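Per-entry structural report
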Amino acid sequence: MPPFRALFSSFTGPSFSESNVAEDDFVVFVVGATESRRNWFLKELSTNVNVKRHDLICTTYVQAWRFNINLGSGMNSVVFVNTPSFHIKGSDAEVTMTAWIRWKLNKHRRHSFVLFLHSLDPTNHDVDLTQYLDTFAKTFPSTFTPPSRVYVLPTREPASILSNDQVVRPTPELESIITSLDGSKWHASVASGAFTGRKTAGNVVQRIIEDMVNGEPYEIITPSRRSPMHESPDTPATNIAAPIPQQSIQETNNNPNETLGSMRAALQFIPPGHPQRHLALVSLANLLYEQFEKEGKKEDLDEVISLKRAAVELIPSDTPDRVAALAELTNLLSERFRQDGELDEIVMLRRATLELAPPGHPGRRSALIDLADVLFERFRKERTKADLDEIITLRRAAIELTPLGCQDDYATLANFVDFLCERFNEGGQGVELDQIIALRRDLLELVPPGNPQRRPALINLADSLSQRFEKEGVKADLDLTISLRRAALELTPLEDPDRYSALTNLAALLSRRFGKAAPLDEIVTLRRAALDLVPQGHSERCSALLGLADLLSERFRRDGMKADLDETISLQQAALDCMPSEAPGRQSILVKLGDNLYQRFRRDNTMPDLAEVIALQRAVLDMTPGGPHRRAVLSKLTDRLSDRFRIEGKKEDLDEMITLQQAALKSISSGHPDHYSTLTNLADLLSLRFTKEKTKSDLDLIISLRRTALELTPLEGSERHSALNQLVDLLYERFKKDGAKKDLDEIIALTRTLLECMPSGNPERRPTLLEFVGHLSERSKREGATEDLMEIILTQRAVLEVTPRGHPERCTTLSNLASCLSERLKNGREEVDLDEIITLRRLALECLPSRDARKERFMVDLTEDTAFRDAVLALADSRGVDPCPVLSKRTLDETIILCRAALNSVLARDHPGRQPILGKFDASLYKRFRERGDIADMEEIITLRQATLDHTPPLDQGRPLLSLADCYHEKFQKWGSVVDIEKAIELGERAMALCPPGHSDRLPCQECLTCYLTAKLRNDPDPVPPVIAVNPSSDFSQQIRSIVFETLRDVPLRLLYTTTGILCNRDAQLSYFENSPQYSQLLPLISALDDQLREARIREVVSKFFEYVTLSHRWGSREPLLRDIEGTKIYDLSNMDGLAKLQNFCLCALGHGFLWAWSDTCCIDKDSSAELQEAIGSMFSWYRRSSLTLVYLSDVSNACSFADSLWFKRGWTLQELLAPPTVLFYTRDWSLYMNLEVDNHKTNATVLAELQKATRIAEGHLMNFSPGMDDARSRLQWASGRCTTRSEDVAYSLFGIFKLHLPVLYGESAESAIGRLLAEIISRSGDISILDWVGTASSIHSCFPASLTPYQALPRMPSTSSDISRPDSFELEKVRKLYSSLAGLPRARFVNQRLTLPSIAHWVTTVKLLRSSTSPLRYVYEIHASHLRPLEVTLSVSLEKTSGTYVLVRPWHPKPLEVTQVNSDTDALWKLAEQLEQPFSAFLLRRLPHNEYRRIASDSAIFARVQDLDSILESEILVPEIV
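Let me begin by describing the structure that accompanies this report. All figures in this text were calculated on a predicted structure; none of them were measured in a lab.

As for its position among the elements, R945 is in helix α40 (residues 935–950). Apart from the residues within four sequence positions on either side, R945 is in contact with D922, S963, L964 and C967.

Right, here's the structure in full:
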């Protein structure tokens, strides 16, 4: 509380009442240099005046009191206003005074004046009255009239004892001061004398008021309007108005020129040294100054200064009057300074004044400050660092002379700090800034809370800290700056004009402090408050709108809320409306508004938004001069028009886009980086118009543009390929229309260039070659040039090279090349073409399927009578030899090709020459197989021999059977596949059956069968193929190995090799692969491939080789573990309960064609906790990546349904059902369930229906399950009816289903494991549905169940119709506030064993026990809660009847608001009201100490419902921490 307010608060009498100035009140504005002097005066007044009543009339920082004073004619109401000090730098006194005048002063008041308290105490320093009154007048708003009467009252404190001459001497100085005031504005007077003590204060004030009332002075001196200086010390105080002793002013007033002439003449007759010369100089100077005031001539002022300067020289330097004379001369020089700006002499005089006040002199402090002030004026004009340094030195000295506790202490220190800041801003050091901050802190301590200077002190300290943060980047400075700005904002009244800047500055600091993580909601709130302070027409209105719009736009990018985007657009539109069309920032606002409208268009697909975007872009284009920025605007406008064209397809938009692109093209030079893209964009748009209109001019222009673009395209790269292709297509389009030869020639040349720069492995090479052939063929038809035919043949050969075997177009390619060669042969160019033609025709026939419609045409081309028979068979007949010897003379590959062609294309099955060729074909393939070991040859031999067997009569099949069995035996010998040896044994047994004893083939059959059986039993030789000599340092081998290891990282650590039954680790898996046929075939194949194709081929082979099968089953007794089978073949083991299941599983996997199998019984080292942890964490992904999962149901026969199998009751089998994409169910005897021969039981409708019935899992999850936390409540329900051998596995088995990786802690309780699982689900997803259960609570946390059993049943919410009517506008606003509150809630989270649960709270008001039972212990209560209908609750614990102990909460998740799809904001609010009106599942919480809560588990679901719409609107938001 200010001192004077504390003083008045001690009075006895009526209490203060906040009021305003009345119309008939006398208003006295008390003015003084310091607040202490004003307080002292008011105290003196209160003790001397008959106080009948006093009221408080104040604002936050300006105080005023109303007194009833008896002026003789009755009691008069006088209001004394304690006017704040305006001379203190950094204060907001003017603003606070304006606020008081606006809110408290009556503009129609009849009496008001200014009472200026002039101190006669030498230790006090008064302010400049002229400057003070000018500042005071400016605080009055335009509709108020400031008082014109000014009373200067000399005062001194009672403790100060002054002599009479010290009291009287300042009177001329006071007269000089007030006569310097502007007479048109102020009517100033000086009271008749100083007052002290308790008698004079009331009397003087009473006389002044009577003077105001009566209009007549009462012992009041009103001096004449003359010089602003005091008179000569020799002039008597009683003759102030007569400075010239010879002639009075009144006698010569009618002729001032004569007076001046007389006085100048008198001065000439007074020689230097005469006692009257000083008086004559002063009198002439005073008269000239009066003339200067009237006429304003600078010459008069110059003469006055010259005269006064001469008068100063006549005053001895050791007299006190010299100081006053110097001050007078300084004032005159200041007057001239305001006209011509000369300050040097003023500085010199101030220095002289300072020299006259040595250390210890009472006026030294004032002299220091005066010199500093005038130096500051010069510094502001010239910006000289030396002046600033001297100012700081002087101010520091003045501070040292300021007594501790002096009221001016704050102002003096504040001014000193301001000058330090000025020097720092001119290039000071960081140390100086630290000193400034330290001083700012001291200043803040000098102004306690409640002091009007506290807010500017807070702001100044914040600004200095902000400067240091900008320089050094210390976040602590920025944090403190924000705290100070917050404190300053709290002290800034709503009506204060600085509140706007305080809000915006704090918002900017928060944005700077937190960057992208800034608390946007708080910053938006600050910006909204700032916007409310600037009404329409305010200069800052536009800036406030844009600042809020930018923040909302940032929050939209972060949160994606539609309301933020809509409001951003509205604000930017409003900013544009209040911004002049020529404003410099208008263009950027147009751009931002266009971007935001475009975002809304993309979200809502609203065409009006797009139309406005286009209009805005056009406006931006009109405001953008030439240059890169204009090109960017052209491009952006083109894009927006393109968006509208894609939707509406209007020709006008397309034409405008073309015009814009043409303008963009004209604005850039050919060497500009954007020249190429602009060319291509314009060409694309023209192509679009050409597609619609087919205008030749457009096509010609497109071709011209594409040619230019081609010239700018680098010789290497995909862009050149694309440019060439586009130009070729355009030229061909014109060629089809015009048929111009030059176009065709250019097409061919361009295509040739395209082929030259296209690498051999490019997939586009083949179609380009074919197009090239077509163009050459076109020209060949027109011109018949032989060179074209030769190039066509060469190109067709190139096409054949890039058309591999198996390619669907290989047959056509062979035929086309043969046709070209035939054409050349017809022209007689080459006779040797015939052999190549026949070979190509034959190969073409080989490519055709047997029933292909083209086969007949190809056969006609080849013809059995001419082409093939004349070329092969007839040639042999003419030489008298068998065809086979002739063929044997050819190379082995050629023999096989010819035999295959003869068998597949020409020779019918009953042809007499077919059998010998079959024999030769078989022999040639076998020979090549023995030489190269190609499995493809062996497979073809088996196919041939199988075909021979199929066409052999049953009784003659003995030899063919043995021949086929030898193939399988040979295959087994090389690759060790048991399937092959078993097939060989089967064929041998069939052959034996056809050869009874005595048959010539009996013995060969018996020997072969014995050999096959021996090979199977002894497995000799080793099925692992011999190690192929591969250089391990080969780049290809290393690449293969790295891809193998990369592939194996995603498969289980150990796998069973199904062919041998051996458990293999990583090294063994790699060894099997490197010794496999696949590896042998892979090495030579990849050497001819490029890097990309090589890696793809390796990955394909490796992935295929390591495909594995997983086993899902219910564990039995004595399952084989890792230690039981490691290092042995499972096929050689016996006498173990679970071994048969494992062996059958591997055989079944092998039967499905897989080399690898995995079982959880023996493929995990359960003695290693680390491996077990990894296996549990990876098991879901292992089943997901398996190629097949075999489910063995040991308790299901093929005749019954598997729905009752215990497999569906086990915990681990849930993920084994959901994870794998392909599953086959096997029954007890290892036959397929229901004998369904399908690849995947999950895709079978019958099995799928039974699975849904057995598991209660939806079809979508069974067929395509995605791990994660979506619909966590349903996933827990799937597992709720399952059990595990170890209780904690109930939770561990769900890690993969929820895609979680948590520690496996065997030995912990099931409650602990389940608790960790549920806590992790809530922490990651915020899903509160898992809290909806009924039953026993866990000891880990009150919101978790003790087991998963409560999740078996989903809560059945009673369905009711809505009882509420659609809310009106007032209610709708309440719903909107509730909507905002709910939307701003965080998601539920679990941290430090505490569940933070956002909720809608309903506090329990009444608890009534309805009934109870002891076995089991049950309590049924009727509960009444705020805003809820009464409800019954069944509990196993008793409740207290204490109010405020319990609360029913409705857990809240923001998802309902996020997924609400409505047409308008009103619909969204209505939907929310309807939703909240429906019954909900409530939780009963008990409040604990320290603001914690505990959930009370119930024995039945608690369904609650609000009473009505008002109850919804009065909902309370609560975010409890539940333990």
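Turning next to the packing of aromatic side chains. Any two aromatic rings considered together are summarised by their centre-to-centre distance and by the angle between their planes. Using the criterion set out here, one finds 35 aromatic pairs in the structure. When the ring of Y1292 is compared with that of F1295, the centres are 5.6 Å apart and the planes differ by 55 degrees; the resulting orientation is tilted. One aromatic cluster is present, formed by Y1057, Y1072, F1073, Y1079, F1105, F1106 and W1156 through successive ring pairs. Of note, R1495 hangs over the ring of W1333, and the distance from its end group to the ring centre comes to 4.6 Å. Over the ring of F1483 we find R1495; its NZ or CZ atom is 3.9 Å from the centre of that ring.

Further remarks concern the packing of helix α29 (residues 718–738) against helix α30 (residues 741–756). Running from amino to carboxyl end, α29 crosses α30 at an angle of 160 degrees, the nearest separation of the two axes being 9 Å. By the angle class used here, α29 and α30 are roughly antiparallel. Once α29 is placed against α30, the crossing between them reads as left-handed. Within the contact between the two elements, α29 uses H721, L724, N725, L727, V728, L731, Y732, R734 and F735 and α30 uses D743, L744, E746, I747, L750, T751, T753 and L754.

Summarising the sheet, strand β17 (residues 1399–1414) and strand β18 (residues 1417–1425) pair through nine bridges and their orientation is antiparallel. Bridged to S1412 within β18 is Y1419. Connecting the antiparallel pair β17 and β18 is a turn made up of two residues. By the bridge criterion, five bridges tie β18 to strand β19 (residues 1431–1435) in an arrangement that is antiparallel. Counterpart to E1422 in the pairing with β19 is E1432. As consecutive antiparallel partners, β18 and β19 are separated by five residues, and within that stretch H1427 has a phi angle of approximately 70 degrees, a positive value.

Glancing now at α40. Over its 16 residues, α40 extends 22 Å from the first C-alpha to the last, a length consistent with the 22 Å expected when each residue adds 1.5 Å. Of the residues making up α40, those classed as buried are D937, M938, I941, I942, L944, R945 and L949. Along the long axis of α40, the arc covered by the buried residues comes to 165 degrees, so they all point the same way. α40 presents T943 and D950 as exposed residues on the side facing more than 90 degrees away from its buried surface.

Our focus in this paragraph is the nonpolar core. The biggest cluster of nonpolar side chains holds 121 residues, and the ones touching the most others in it are L1056, F1073, F1225 and L1331. Discounting residues that sit within four places of it in the chain, F1225 has contacts with V1191, L1193, F1202, W1207, L1217, S1231, L1232, Y1233, H1241, V1247 and L1251. By size, the runner-up hydrophobic cluster in this structure holds 105 residues, among which are A549, I748, L755 and C820.

Residue N605 is not a glycine yet carries a positive backbone phi of 60 degrees. Take N605: it is sitting in the loop between α23 (586–604) and α24 (607–623). With a relative accessible area of 51%, N605 lands in the exposed category. For H1490, which is not a glycine, the phi torsion comes out positive at approximately 60 degrees.

Moving on to the pairing of strand β22 (residues 1483–1488). Every regular strand shows the same layout, with side chains that alternate between the two sheet faces. Note that strand β20 (residues 1446–1451) and β22 share four bridges and pair antiparallel. Counted as the bridge partner of Y1446 is R1486 from β22. Bridge analysis of β22 against strand β23 (residues 1492–1495) gives four bridges, and the strand direction is antiparallel. In the sheet register, L1488 faces β23, and the bridge partner there is E1492. A loop of three residues connects β22 with β23, the two strands running antiparallel in sequence, and H1490 in this loop sits at a positive phi of about 60 degrees.

Over its 19 residues, helix α31 (residues 765–783) runs 27 Å from end to end, which matches the ideal 27 Å to within 8%, given 1.5 Å per residue. For α31, the set of buried residues is R765, R766, T768, L769, F772, V773, H775, L776, R779 and S780. On the buried face of α31, the contacting elements are α29, α30, α32 (786–801) and α33 (810–826). G784 occupies a position one or two residues after α31 and carries a positive phi of about 70 degrees.

Evaluated as defined, the whole model comprises 64 salt bridges. With a shortest N-O distance of 2.5 Å, R557 and E554 are connected by a salt bridge. Residue R557 and its partner E554 are located together in helix α21 (residues 541–559), separated by three residues, close to a single helical turn. Via salt bridges that share partners, K562, D566, R600, R603, D604 and D609 belong to a single interconnected network.

What follows covers the sheet that holds strand β12 (residues 1156–1158). Within a sheet, each strand pairs with its neighbour through backbone hydrogen bonds, oriented either parallel or antiparallel. Across the sheet, six strands lie side by side as β10-β9-β12-β11-β13-β14; this open sheet has mixed pairing. The open sheet has two edge strands, β10 (1062–1064) and β14 (1223–1226), and neither has a second partner. Each neighbouring strand pair of the sheet contributes to a mean axis angle of 30 degrees, computed without reference to strand direction. In the sheet, strand β9 (residues 1055–1057) pairs with β10 via three bridges, with the strands oriented antiparallel. The residue bridging Y1057 from the neighbouring strand is I1062, located in β10. Sitting on the sheet, helix α45 (residues 1066–1074) is in contact with β9, β10 and β12, with an inclination near 105 degrees to β10.

Helix packing geometry: the angle between the two helix axes and the distance between the axes. Two elements in contact, helix α9 (residues 277–295) and helix α10 (residues 298–313), have axes whose closest approach is 9 Å; the angle formed by their N-to-C orientations is 160 degrees. As the angle between them shows, α9 and α10 are arranged roughly antiparallel. In terms of crossing hand, the pair formed by α9 and α10 is left-handed. Between α9 and α10, the residues in contact are H278, L281, V282, L284, A285, N286, L288, Y289, Q291, F292 and E295 and D300, L301, E303, V304, L307, K308, A310 and A311, respectively. Looking at the contact of α9 with α10 residue by residue, the class counts come to 12 nonpolar, three polar and four charged.

Conventions we followed
- Residues numbered from 1 in each chain as written.
- Predicted model: local features only at pLDDT ≥ 70, side-chain atom pairs only at ≥ 80, totals over all residues.
- Heavy atoms only, no water.
- Helix = DSSP H or I, 4+ residues; strand = E, 2+ residues; numbered from the N terminus.
- Contact = heavy atoms within 4.5 Å.
- Phe/Tyr/Trp six-rings, centres within 6.5 Å; stacked < 30°, edge-to-face > 60°.
- Lys NZ or Arg CZ within 6 Å of the ring centre and 35° of its normal.
- Axes fitted to C-alpha atoms, helices over the stretch in contact; angles between N-to-C directions.
- Parallel < 35°, antiparallel > 145°, perpendicular 65-115°, else oblique.
- Left-handed = near helix turned anticlockwise from the far one by under 90°.
- Pairing = 2+ DSSP bridges.
- Expected span 1.5 Å × (residues − 1).
- Buried < 20%, exposed > 50% of the residue type's maximum accessible area, 1.4 Å probe, protein only.
- Arc of directions from axis to C-beta.
- Core = buried A, V, L, I, M, F, W, Y, C linked by side-chain atoms within 4.5 Å.
- Salt bridge = Lys/Arg side-chain N within 4 Å of Asp/Glu carboxyl O.
- Nonpolar A, V, L, I, M, F, W, Y, C, P; charged D, E, K, R; others polar.

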